Amino acid sequence: MNITQQVVNAIWLGGVYSLFALGYALVFSILGVLNLAHSAVFMWGAFIGLVMVTQFSFSVWLAIPVAMLGAGLIGVLLDAVAFAPLRRRNAPRIAQLISSIGAAILLVNIAQLIFGTQPQRFPLGSIPTDTIEGLPFRITPIQIIILLVSVALMALLQYMVIRTRAGQAMRAVAFNQRVASLLGVNVSGIFRMTFFLAGALAGAAGVLYGLAYNSMTPFMGDQVALKGLTVIVLGGMGNIQGAVVGGFVVAALEVFSIANGGSNYRDAFVFTLLFLILLFRPQGLVGQKEHTRA
Amino acid sequence: MEFLRSIGITEIVMQFMLINAILGLSMYLVLYTGMFSLANAGFMSIGAYTGVILTQNFNQPLWVGLIGGMVVAGVLAVPIGLPVLRLKDIYLAIATIGFGEVVRILILNFDTLAGSITGESVRLTRGALGITGIPKITETWHLLAFLVVTGFIMIRLHRSRFGRAMAAVRQDEPAAANMGINVVYTKNMVFIMSAVLAAAAGVLKAHLTRTISPGDYGFDQAVSILAFAVLGGTSTWVGPLVGGFVLTALPEILRDFKQYRGIVNGSILLLVIVYLPGGMVNPAGWSQMWARLRGKKQGDTLTTEVS
Amino acid sequence: MKKLLSILMVFALLLPVTATFGQDDTMEQPLVGFWEQCPTPENLPETVNVGAIFGLSEAVAVYGTAQQNAVQLAVDEINASHYLGENSALVVMFEDSAGNRDQAIAAMTKLVEEDGVVAVLGPTLSSEAFAADPVAQENSTVVMGVSNTANGITEMGDYVFRDSLPEGAVIPGTIAQAAEILGLAKVGLFYGNDDDFTVSGYEVFKAALEENGIEILSEETFAKGDVDFNAQLTNLIAAEPDALVVSALAAEATQIILQARALGYEGPIIGGNGFNSPAVLRDTGADSEGLIVGGAWNYGNPNPTESSVQFVEMYEAAYEMSPDQFAAQAYTGAWLMATAIRCADSTDRTAVRDSLAGIADFDSPLGVFSFDEDRNPVHDPIAQIVVDGKFQPLALVMGE
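Source: prediction; values computed, not measured.

**Regarding the overall build of chain A**
Link 1 in the chain: Each helix and strand counted, chain A has 11 helices and zero strands in total.
Link 2 in the chain: When the helices and strands of chain A are placed in sequence order, the string is α-α-α-α-α-α-α-α-α-α-α.
Link 3 in the chain: Its C-alpha radius of gyration of 19 Å places chain A within 12% of the 19 Å reference for a compact globule of 294 residues.
Link 4 in the chain: Oriented by its inertia axes, the alpha-carbon framework of chain A measures out at about 60 × 50 × 35 Å.
Link 5 in the chain: Looking at the 294 residues of chain A, the share that counts as buried comes to 62%.
Link 6 in the chain: Sequence-distant contacts in chain A: of pairs separated by 6 or more residues, those separated by 24 or more amount to 74%.
Link 7 in the chain: When the accessible surface of chain A is summed, it comes to about 11200 Å², and 65% of that surface belongs to carbon and sulfur atoms.

So this is what it looks like as structure tokens:
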């Protein structure tokens, strides 16, 4: 039971990590920018979902799309305030990273004023929490739902980026903005759309995370910010499958270092692997070798 | 002086400003050479722990602790820098964040680890509780003197061959190599200098705050150090200095805003970086903004590309 | 509507009392305070400034805002009842430390050296206290921690006090009782290894377990900010312990309880001060059954003092949530400080220190409170178990 259970634990945790990392990876793949405010958008998504359920008596399943919409719009706003002006000015990417930090501080502090600091949760009974019977391991319905949703979102995103016109435009922008705009792609529109999608993914992740762990504060994003970074680097930056693979690899590494008695050094294992991967396979686990980004 | 105190800048805040200016400079060195390294918080902790162990466990004076911390960080920077500095950009940033986290976890578990190897009970870094009761022996003049010497070195550096090599490596690495500049040597030397400066700031600060723990030198600290340099501006070495001053003083000056302090603080950061992407000390950026305010069209940006 | 109702409730509660004391225009005398022991002060200035350093932003604000709320509640009560005299008012200057050492030091310096406060409450975290309290000590100003539980806080000097019971004063009693009553022989130990609070708790738990001859089957750790504990819990549960002993803060405690139960663990879970929050019971629902908590104070304490009941009512009316241990300790801290000033009848910092050190048998929400000679708190800790969703005294329930 022990090993089976640890495998289940790892798969479940991997689902959580990938879900968070998807939006993070999307922005990085299209813009080549690390958006450190992503975790703040994630938190806002969770709270929008919570307000829908507690104040407007929405069902949880209805609250998720609303939260996605809300967080998507926050993403667009974030782009308009913190990224677009810098892009217009051809500012170095590092300036965009710093402005995303400023935006994150702002978003978290506004949330603190509105929602307070005490941990909040979805009402008891919003979702079934009883362990499913008759399996050789223990898992709850919400865990299965999160796994399914993250796989579905990943597939949807992948389909969008590869198969649709908008996705092609996004990839063109990612490859070379100038060429893309010469080809008639509305580059700033693509950026806006990317931020909307990333925000919506963060919103979905926020609500599901809130449901899974039942504790939401304006600071909940801090817990996943660094982990999300680790995940997208391990999987291959700017790569959507990479985010998912990275999520499962980080989770597996964490769970099995604990399972083998190394809970003290869990994060050291993860970061050492990260270090080695960067040195020997900087394109990440699934990335192809590509030109180094300038 | 009276005015500064009235807006919340007491002597201790001024001391923190000076420390953060040193940290900003340590970041500046790597950015000026085109390396996006976030290892400075890690080196700061190595310096702080070495320095404090020297002054507390071995009863050495502060200057011995200071030099000890700088030397240990400088030596450790070599095996870290050699492999890592082959990476560029965000990859380098992440690898160095990883380095910082590993350092943090090792310091956290140092006593248990050392204890299990030597078989005796070790009490050196004292785990999560950290080291407390460190005497406050760093004086303002220590910091000023250190900063003056560092500033002097910066000026000399920029005028030297090595300084021009640093700029060349940033602008175009292959071209620099073709010109006969030893790129690996330049990058590693700068990485070591940066580590040494960060370590010095760590030692000096530990003897101001009286207590250190591994959590003080995590991801947040690494990002703050980056912000000192980038917000200050990396086109001259004065920028990170100003960045360190302003970012440290701002939260104290804004105390009267009470619960809106974070919002005001975040907005100011955002406005500065959005309107002055080259940082606060960046003549080109200011003249651009001036031109825009007067409604003139401006040409290409002149801001230094650091990433 | 709810707010209106609760306000009405408070009025309804106050009515009979004000009717009896209705002859003068002041509110009824609060239950807390040395009303008889010390005469009404006559020499205090119009405003008596006291500083308070709490973490009001960043993650630490979860605790800091509760502390600020509770202190404000006490101050309003103190001023409405003219505890410091007819013409003197207590003013608390709140400063935010954001859980950051540098800011705690800066705030302490500002309060003590610039604003000239009589005394300071806080800072929220022990790590901040180790950095900032020496500033108060050097300026001969009282600083009283209301949530510092690490070892060595009051050793920083004779002006450093605390009213928060360190883990060492709470846990050994809980473990001894639990061991005797439940017949514990082997347990699993789980703690956060990168936080001074959880590590202090772990050390005390470990010593207490060894003292009671209880075998520790396995030890697991987590890191600050973790939310998923399944892997460690799977390990711990696989060893089939008689109980899980956990040193964690409230947010983590909730997850640990829920996830342990979801993994099929049904035995007792023993926690310290960190578990002692209304949120833990509220958020774990039926899963909290069998939870054993040692702590300094709990809103669900089945055997509360009168002032504790009143404090809970006032706090809930004012803030629409239940107070936690942090709030109770901060509230008591403000009252203790006011009492020291009242009894000293002076704002001289040293006089206030001496007066505070002399406080004994003070009736507070925490129970009958005294300072020992090391300026640490002395009052009865609580050891309780959750039965049918409610806290019950451990000895009482298990003694049956």
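**Some remarks on the sheet that holds strand β12 (residues 367-371) of chain C**
Residues and elements named next belong to chain C.
Link 1 in the chain: If you trace the three strands from one edge of the open sheet to the other, you get β11-β12-β13, paired in antiparallel fashion. Edge positions in the open sheet fall to β11 (362-364) and β13 (377-378), since each of these has one partner strand only.
Link 2 in the chain: Examined bridge by bridge, β12 and β13 share two bridges and lie antiparallel to one another. Bridging from a neighbouring strand, serine 370 pairs with valine 378 of β13.

**Details of the environment of Val64(B)**
Residues and elements named next belong to chain B.
Link 1 in the chain: One can find valine 64 in helix α4 (residues 62-84).
Link 2 in the chain: When its relative accessible area of 21% is taken as the criterion, valine 64 is described as partly exposed.
Link 3 in the chain: Each C-alpha atom of the pair valine 64 and leucine 54 lies 7.4 Å from the other, and the pair is 10 residues apart in sequence.

**Some points on the interface of chain B and chain C**
Link 1 in the chain: Taken together, the contact pairs 24 residues of chain B with 25 residues of chain C.
Link 2 in the chain: Together, the buried faces of chain B and chain C total about 2000 Å²; carbon and sulfur atoms form 50% of this surface.
Link 3 in the chain: The largest share of the area that chain B buries against chain C comes from Leu129(B), Arg210(B) and Arg255(B), three residues that together contribute 30% of it.
Link 4 in the chain: Taken together, the connections running from chain B to chain C amount to seven salt bridges.

**Quick word on the environment of Val8(A)**
All names here are of chain A.
Link 1 in the chain: Following the sequence through the fold, valine 8 ends up in helix α1 (residues 2-31).
Link 2 in the chain: Put simply, valine 8 and glutamine 143 are 135 residues apart on the chain and 10.0 Å apart in space, counted from C-alpha to C-alpha.
Link 3 in the chain: Residues contacting valine 8, with those up to four places away along its chain left out, are Phe137, Arg138 and Ile139.

**Notes on the pairing of strand β8 (residues 243-247) of chain C**
Residue and element names in this part refer to chain C.
Link 1 in the chain: Counting buried positions along β8 yields five of five residues, so the element is predominantly enclosed.
Link 2 in the chain: Side chains of β8 alternate between two faces, with Ala243, Val245 and Ser247 and Leu244 and Val246 buried alike.
Link 3 in the chain: Examined bridge by bridge, strand β6 (residues 186-192) and β8 share five bridges and lie parallel to one another. Note that in β8 the partner of valine 187 across the bridge is alanine 243.
Link 4 in the chain: Pairing geometry for β8 and strand β9 (residues 269-271), over three bridges, is parallel. Looking at β9, one finds that valine 246 is bridged to glycine 271.
Link 5 in the chain: Tracing the backbone out of β8, into helix α8 (residues 250-262) and back to the parallel element β9 gives a crossover that is right-handed.

**Remarks on the interface of chain A and chain B**
Interface extent is often summarised as the accessible area lost during association of the parts.
Link 1 in the chain: Every contact between the two is made by 41 residues of chain A and, on the other side, 44 residues of chain B.
Link 2 in the chain: Applying the counting criterion to the chain A and chain B interface returns zero salt bridges.
Link 3 in the chain: Seen at the junction of chain A and chain B, the total is two residue pairs in polar contact (both at pLDDT 80 or more).
Link 4 in the chain: Elements with a minimum of two residues in the side of chain A that touches chain B: α3 (60-88), α4 (93-115), α9 (220-235) and α11 (266-280) of chain A.
Link 5 in the chain: Per-element accounting of the side of chain A that touches chain B gives the leading share, 14 residues, to α4(A).

**Quick notes on the packing of aromatic side chains**
Residues and elements named next belong to chain C.
Link 1 in the chain: One pass over the structure, following the stated rule, counts 27 aromatic pairs over all chains.
Link 2 in the chain: Centre to centre, the rings of phenylalanine 54 and phenylalanine 94 are 6.4 Å apart; their planes meet at 40 degrees, and the pair counts as tilted. Linking phenylalanine 54 in strand β1 (residues 47-54) with phenylalanine 94 in strand β2 (residues 89-96), this pair joins segments that are 40 residues apart in sequence. Both residues of the pair, phenylalanine 54 and phenylalanine 94, count as buried.
Link 3 in the chain: Seen in terms of ring centroids, phenylalanine 222 and phenylalanine 229 are 5.1 Å apart; in terms of plane orientation they differ by 80 degrees. Their pairing is edge-to-face.
Link 4 in the chain: Owing to a relative accessible area of 0%, phenylalanine 229 belongs among the buried residues under this scheme.

**Comments concerning the state of the cysteines**
Residue and element names in this part refer to chain C.
Link 1 in the chain: According to the stated counting rule, one finds one disulfide over all chains in the structure shown.
Link 2 in the chain: Here cysteine 38 pairs with cysteine 343 through a disulfide, and the sulfurs are 2.0 Å apart. The sign of the 100 degrees torsion about the S-S bond sets the cysteine 38-cysteine 343 disulfide as right-handed. One end of the pair, cysteine 38, is in the loop between α1 (2-20) and β1; the other, cysteine 343, is in helix α11 (residues 325-344), with 305 residues separating them in the sequence.

**Remarks on the side chain of Arg101(C)**
Link 1 in the chain: Mapped onto the secondary structure, Arg101(C) falls in helix α3 (residues 101-114).
Link 2 in the chain: Side-chain polar atoms of Arg101(C) contact the side chain of Asp216(B), separated by 2.4 Å.
Link 3 in the chain: What Arg101(C) contacts, discounting residues up to four positions off in sequence, is Thr211(B), Ile212(B), Ser213(B), Asp216(B), Ser127(C), Glu128(C) and Ala131(C).

**Digging into a nonpolar patch on the surface**
Link 1 in the chain: Side chains of Ile110(A), Leu113(A), Ile114(A), Phe257(B) and Tyr260(B) sit close together on the surface and give an oily, nonpolar patch of about 450 Å² of accessible area.
Link 2 in the chain: Inspection of the secondary structure assignment puts Ile110(A) in helix α4.
Link 3 in the chain: You can call Ile110(A) partly exposed: its relative accessible area is 31%.

**Let's talk about helix α5 (residues 89-108) of chain B**
Link 1 in the chain: For α5(B), spanning 20 residues, the distance from its first C-alpha to its last is 29 Å, which sits close to the expected 28 Å at 1.5 Å a residue.
Link 2 in the chain: With 19 of its 20 residues buried, α5(B) lies for the most part within the structure.

**Brief notes about the confidence of the model for chain B**
Residues and elements named next belong to chain B.
Link 1 in the chain: The predicted model of chain B averages 90 in pLDDT, with 96% of residues at 70 or higher.
Link 2 in the chain: Averaged pLDDT values for the elements of chain B fall to 80 in helix α14 (residues 283-293) and rise to 97 in helix α10 (residues 183-209).
Link 3 in the chain: Counted against residues more than four places away or in other chains, residues 298-307, with its pLDDT under 50, gives 24 contacts.
Link 4 in the chain: Both confidence scores are given for the complex: pTM 0.90, ipTM 0.90.

**With respect to the confidence of the model for chain A**
Atom-level detail of predicted coordinates should not be read off regions where pLDDT is low.
Link 1 in the chain: When pLDDT is averaged along chain A, the result is 86, and 96% of the positions lie at 70 or above.
Link 2 in the chain: Confidence over residues 290-294 of chain A falls short of pLDDT 50; this stretch has eight contacts with residues more than four positions distant or in other chains.

**Brief notes about the nonpolar core**
Link 1 in the chain: Counting 224 residues, the largest nonpolar core has Leu26(A), Leu34(A), Phe43(B), Ile212(B), Leu226(B), Leu231(B) and Met108(C) as the members making the most contacts within it.
Link 2 in the chain: In contact with Phe43(B), other than residues within four places in its own chain, are Ala73(B), Leu76(B), Ala77(B), Phe99(B), Phe191(B), Ala195(B), Ala198(B) and Ala199(B).
Link 3 in the chain: The next biggest cluster of nonpolar side chains, apart from the first, holds 52 residues, and it includes Leu44(C), Tyr83(C), Trp297(C) and Leu336(C).

**Details of the packing of helix α2 (residues 11-32) of chain B against helix α11 (residues 219-232) of chain B**
Angle between the axes and distance between the axes: these two values describe a pair of packed helices.
All names here are of chain B.
Link 1 in the chain: Two elements in contact, α2 and α11, have axes whose closest approach is 8 Å; the angle formed by their N-to-C orientations is 80 degrees. Classified by the interaxial angle, the pair formed by α2 and α11 is roughly perpendicular. Listed contacts from α11 to Asn20, Leu23, Gly24, Met27, Tyr28 and Leu31 of α2 are Gln221, Ile225, Leu226, Phe228, Ala229 and Val230.

**Focus: the sheet that holds strand β7 (residues 215-222) of chain C**
Residues and elements named next belong to chain C.
Link 1 in the chain: Judged by pairing direction, the sheet is mixed, and its seven strands sit side by side in the order β7-β6-β8-β9-β10-β14-β15 without closing on themselves. Bordering the open sheet on either side are β7 and β15 (390-393), each of which pairs with just one other strand. On average, adjacent strands in this sheet sit at an angle of 25 degrees to one another, irrespective of strand direction.
Link 2 in the chain: As judged from the four bridges shared by strand β10 (residues 291-295) and strand β14 (residues 382-387), these two strands associate in the antiparallel manner. Paired with glycine 294 across the bridge in β14 is alanine 383.
Link 3 in the chain: Contacting β6, β7, β8, β9 and β10, α8 crosses the sheet at an angle of about 170 degrees to β9.

**Observations regarding unusual backbone geometry**
Link 1 in the chain: Cis geometry marks the peptide bond from Gly122(C) to Pro123(C), where omega comes out at -15 degrees.
Link 2 in the chain: Of note, Asn214(A) is a non-glycine position whose phi angle comes to about 50 degrees, a positive value.
Link 3 in the chain: Tracing the sequence through the fold places Asn214(A) in the loop between α8 (187-213) and α9.
Link 4 in the chain: In this structure, Asp89(B) takes a positive phi of about 60 degrees despite not being glycine.
Link 5 in the chain: Counting through the fold element by element, Asp89(B) comes out in helix α5.

Conventions and cut-offs
Residues numbered from 1 in each chain as written. Chains lettered and ligands numbered in written order. Predicted model: local features only at pLDDT ≥ 70, side-chain atom pairs only at ≥ 80, totals over all residues. Heavy atoms only, no water. Helix = DSSP H or I, 4+ residues; strand = E, 2+ residues; numbered from the N terminus. Rg over C-alpha atoms; globule rule 2.2 N^0.38 Å. Buried < 20%, exposed > 50% of the residue type's maximum accessible area, 1.4 Å probe, protein only. Contact = heavy atoms within 4.5 Å. Areas by Shrake-Rupley, 256 points an atom, 1.4 Å probe, with all protein chains shown as cover. Pairing = 2+ DSSP bridges. Buried area = accessible area lost by both parts, 1.4 Å probe. Salt bridge = Lys/Arg side-chain N within 4 Å of Asp/Glu carboxyl O. Right-handed = clockwise from strand over helix to strand, strands pointing away. Polar contact = N/O pair within 3.5 Å; in protein donor to acceptor, adjacent residues only side chain to side chain. Phe/Tyr/Trp six-rings, centres within 6.5 Å; stacked < 30°, edge-to-face > 60°. Disulfide = S-S within 2.5 Å. Patch = residues over 30% accessible without salt bridge, like charges linked within 9 Å, V, L, I, M, F, W, Y side chains within 5 Å. Expected span 1.5 Å × (residues − 1). pLDDT = per-residue confidence, 0-100. Core = buried A, V, L, I, M, F, W, Y, C linked by side-chain atoms within 4.5 Å. Axes fitted to C-alpha atoms, helices over the stretch in contact; angles between N-to-C directions. Parallel < 35°, antiparallel > 145°, perpendicular 65-115°, else oblique.

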